[in-house]
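Observations on the model geometry
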Amino acid sequence: MILVSSCLAGLQVRYNGTHCLNKKIHDLAAQNKAITICPELLGGFSTPREPAEIEGGDGEDVLDGKAKVVGKSGRDVTELYIKGAYATLEKAKEINATLVVLKENSPSCGSTTIYNGEFKGEKIVGNGVTSALLKRNGLKVISEEQFVKELFS
Ligand code: SF4
């Protein structure tokens, strides 16, 4: 089974109430070939919510206690991101996920790049908190871009 970011399947769960529909991922979910998940909602957030970025590193650093996740107002939301990451890991184990496709650039779901913590739209190489935790636990995590490239080109 494949686990995918809910927003990629078209669910309006992003911080600003929008989705990031990827037609191929949407179709997989509609055919029950993929299960959708949103780590931030699992962590206790609701939609809409304040945008957040990782300050001082990436998801690996957050898990190691060396960086934090902060909302645009400066609120420390690290614990909620970690909670969402562990809940996603549980779900991945429960469905025996063989592949996890998560939305690139998100502080939770990014698996190659994330925003740099300055809220200026600038990216750095790194994992979001959930991607980092899933990878540490041996799961294959890729972005929607890699997924389409690998499986449909
Ligand atoms: S946490 Fe992941 S699934 Fe949820 S809205 Fe953000 S990118 Fe999409």
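Residues numbered from 1 in each chain as written. Predicted model: local features only at pLDDT ≥ 70, side-chain atom pairs only at ≥ 80, totals over all residues. Heavy atoms only, no water.

Before going further, it helps to examine the packing of aromatic side chains. Describing an aromatic ring pair means giving the distance of the ring centres and the angle of the ring planes. Tallying each qualifying case throughout the model produces one aromatic pair. Seen in terms of ring centroids, F45 and Y81 are 5.4 Å apart; in terms of plane orientation they differ by 70°. Their pairing is edge-to-face. Of this pair, F45 sits in the loop between α2 (39-43) and β3 (52-55) while Y81 sits in helix α4 (residues 78-94), placing them 36 residues apart in sequence. The class for F45 is buried, based on a relative accessible area of 13%. On the basis of relative accessible area, Y81 is assigned to the buried category, the value being 3%. (Phe/Tyr/Trp six-rings, centres within 6.5 Å; stacked < 30°, edge-to-face > 60°. Helix = DSSP H or I, 4+ residues; strand = E, 2+ residues; numbered from the N terminus. Buried < 20%, exposed > 50% of the residue type's maximum accessible area, 1.4 Å probe, protein only.)

Here we come to the site of the ligand. Around the ligand sit 14 residues, and of these C7, C38, E40, K103 and C109 come closest. Classifying every residue of the shell around the ligand by side-chain character gives six nonpolar, four polar and four charged. (Near = heavy atom within 4 Å. Nonpolar A, V, L, I, M, F, W, Y, C, P; charged D, E, K, R; others polar.)

A few words on the packing of α4 against helix α5 (residues 129-136). Where α4 meets α5, the closest approach of the two axes is 8 Å, and the angle between their N-to-C directions is 40°. The angle between the axes of α4 and α5 places the two elements in the oblique class. With respect to the hand of their crossing, α4 and α5 are arranged in right-handed fashion. Each of Y81, I82, G84, A85, Y86, T88 and L89 in α4 lies in contact with α5, whose residues at this interface are V129, T130, L133 and L134. Along the lines of polarity and charge, the residues of the contact of α4 with α5 split into eight nonpolar, three polar and no charged. (Axes fitted to C-alpha atoms, helices over the stretch in contact; angles between N-to-C directions. Parallel < 35°, antiparallel > 145°, perpendicular 65-115°, else oblique. Left-handed = near helix turned anticlockwise from the far one by under 90°. Contact = heavy atoms within 4.5 Å.)

Our focus in this paragraph is the sheet that holds strand β5 (residues 99-102). Strands pair in a sheet through their backbones, by hydrogen bonds, and they do so in one of two ways: parallel or antiparallel. Taking strand neighbours across the sheet as the criterion, the four strands line up as β2-β1-β5-β8 in an open arrangement whose pairing is parallel. At either margin of the open sheet sits one strand with a lone partner, and together these are β2 (34-37) and β8 (141-143). For this sheet the average axis-to-axis angle between neighbouring strands, irrespective of direction, equals 25°. The pairing of strand β1 (residues 2-5) with β2 spans four bridges and is parallel. Within β2, the residue paired with V4 across the bridge is T36. Contacts from helix α1 (residues 23-30) reach β1, β2 and β5 within the one sheet, and its direction differs from that of β2 by about 110°. (Pairing = 2+ DSSP bridges.)

A separate point is the state of the cysteines. What the rule picks out here adds up to zero disulfides. In this structure C20 is a free cysteine whose sulfur lies 4.5 Å from that of C7, the closest cysteine sulfur available. What makes C20 buried here is its relative accessible area of 17%. (Disulfide = S-S within 2.5 Å.)

Throughout the structure, instances matching the rule amount to eight salt bridges. Notably, a salt bridge pairs R136 with D64, separated by 3.0 Å at the nearest N-O pair. Remark: D64 occurs in the loop between α3 (59-63) and β4 (68-71) and R136 occurs in helix α5; sequence separation between them is 72 residues. Residues joined in a network through salt bridges with shared partners are E60, D64 and R136. (Salt bridge = Lys/Arg side-chain N within 4 Å of Asp/Glu carboxyl O.)

By the criterion of burial, α5 is predominantly enclosed, with six of the eight residues buried. For α5, the full list of buried residues reads V129, T130, S131, A132, L133 and L134. G138 lies just past α5 and shows a positive phi near 85°.

Among the nonpolar cores identified, the biggest contains 27 residues, and V69, V100 and V129 are the most heavily contacted of them. Listing elements by their share of this core, those giving two or more residues are β3, α3, α4, β5 and α5. Counting residues per element, this core draws most heavily on α4, which supplies five residues. If we ignore the near neighbours within four places in the chain, the residues touching V100 are L3, L134, L139, K140, V141 and I142. Ranked by size, the runner-up nonpolar core spans 14 residues in total, among them V13, I25, C38 and I142. (Core = buried A, V, L, I, M, F, W, Y, C linked by side-chain atoms within 4.5 Å.)

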